[in-house]
Structures are given as structure tokens and as C-alpha cells.
Amino acid sequence: IGEGLTPGRTLTLTGRSGTLTVVGTPINRVLFRYMDAVTPLAQVYAHVVSSVPDTTLDVARQELRQLYGLMQPHGHLYLLKSGSYGRTVPDYTRMQPS
């Protein structure tokens, strides 16, 4: 997703809960590039701060909070606490809705 989500471009996600549109920014482009269910958020944030000029850790965190608030209720973004699922992440595509 990260490479295709260039600033100003939109990403449309369609699922059981409807359609969701995310507008690309320099920060969320890097966030999506490195959020892979393996890389810790601290490292993701470090990539953002080093890749996007004039970006601070607080700005990167705020953008992720906004993305999470937009995407998570629709089942498109999950954040896991390190070690909470052992060594692998569940296959969410096989989980039944509650």
C-alpha cells in the first residue's frame, strides 16, 4: 500500500462495513510501507521521522492515531501489543465477524 499511496492520491477500501477512503500524505505513505505486523511501532516511527522532512515523533503518532481511528472500526487496521499473539499474527481474513 505504501508505495501506491502518494500524497494527494486516495486509497479506497471496501469491506463488509462499507467503503472507506484514505487520502495519501507523506507520513502515511511511510507508515503503510513499514507497518507489516513484524516491525515495532518505535521503528516505524523512526522511519517516518527520518524519511519525511520536518516531521516529529508527535506528528507521526498523531497521524497514526487518525488512521487507526478511521480504519480500525472497519476492520482494516489492527495494532498488536508485542508478544500478545506469540510469534505469529492471526489470519484476520479467516476470522468470523462477531
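Residues numbered from 1 in each chain as written. Predicted model: local features only at pLDDT ≥ 70, side-chain atom pairs only at ≥ 80, totals over all residues. Heavy atoms only, no water.

Summing up its helical and strand segments, the protein chain has 3 helices and 2 strands in all. When burial is assessed residue by residue, the protein chain has 23% of its 98 residues classed as buried. Here the analysis covers contacts within the protein chain between residues at least 6 apart in sequence; of these, 42% occur between residues at least 24 apart. For the protein chain, the accessible area works out to roughly 6700 Å², and carbon and sulfur atoms hold 52% of it. (Helix = DSSP H or I, 4+ residues; strand = E, 2+ residues; numbered from the N terminus. Buried < 20%, exposed > 50% of the residue type's maximum accessible area, 1.4 Å probe, protein only. Contact = heavy atoms within 4.5 Å. Areas by Shrake-Rupley, 256 points an atom, 1.4 Å probe, with all protein chains shown as cover.)

Now for the side chain of Glu63. Note on placement: Glu63 falls in helix H3 (residues 57-71). One buried charged side chain, Glu63, makes no salt bridge at all; its nearest oppositely charged neighbour is Arg65, positioned 11 Å away. Beyond its immediate stretch of four places on either side in the chain, Glu63 contacts Thr25, Ile27, Asn28 and Leu31. (Lys, Arg positive; Asp, Glu negative; His and termini not counted. Salt bridge = Lys/Arg side-chain N within 4 Å of Asp/Glu carboxyl O.)

The next subject is the environment of Leu5. Mapped onto the secondary structure, Leu5 falls in the segment before strand S1 (10-15). Separated by 20 residues in the primary sequence, Leu5 and Thr25 place their C-alpha atoms 7.6 Å from one another. Excluding residues that lie within four positions of it along the chain, Leu5 makes contacts with Thr10, Leu11, Val22, Gly24, Thr25, Asn28, Arg29 and Phe32.

One non-glycine residue, Asp54, lies in positive phi territory at about 60°. Its location among the elements puts Asp54 in the loop between helix H2 (41-51) and H3.

Tracing the backbone shows Asn28 in helix H1 (residues 26-34). The exposure class assigned to Asn28 is buried, which follows from its relative accessible area of 2%. When residues no more than four places from it in sequence are discounted, the contact partners of Asn28 are Leu5, Val22, Val23, Glu63 and Leu67.

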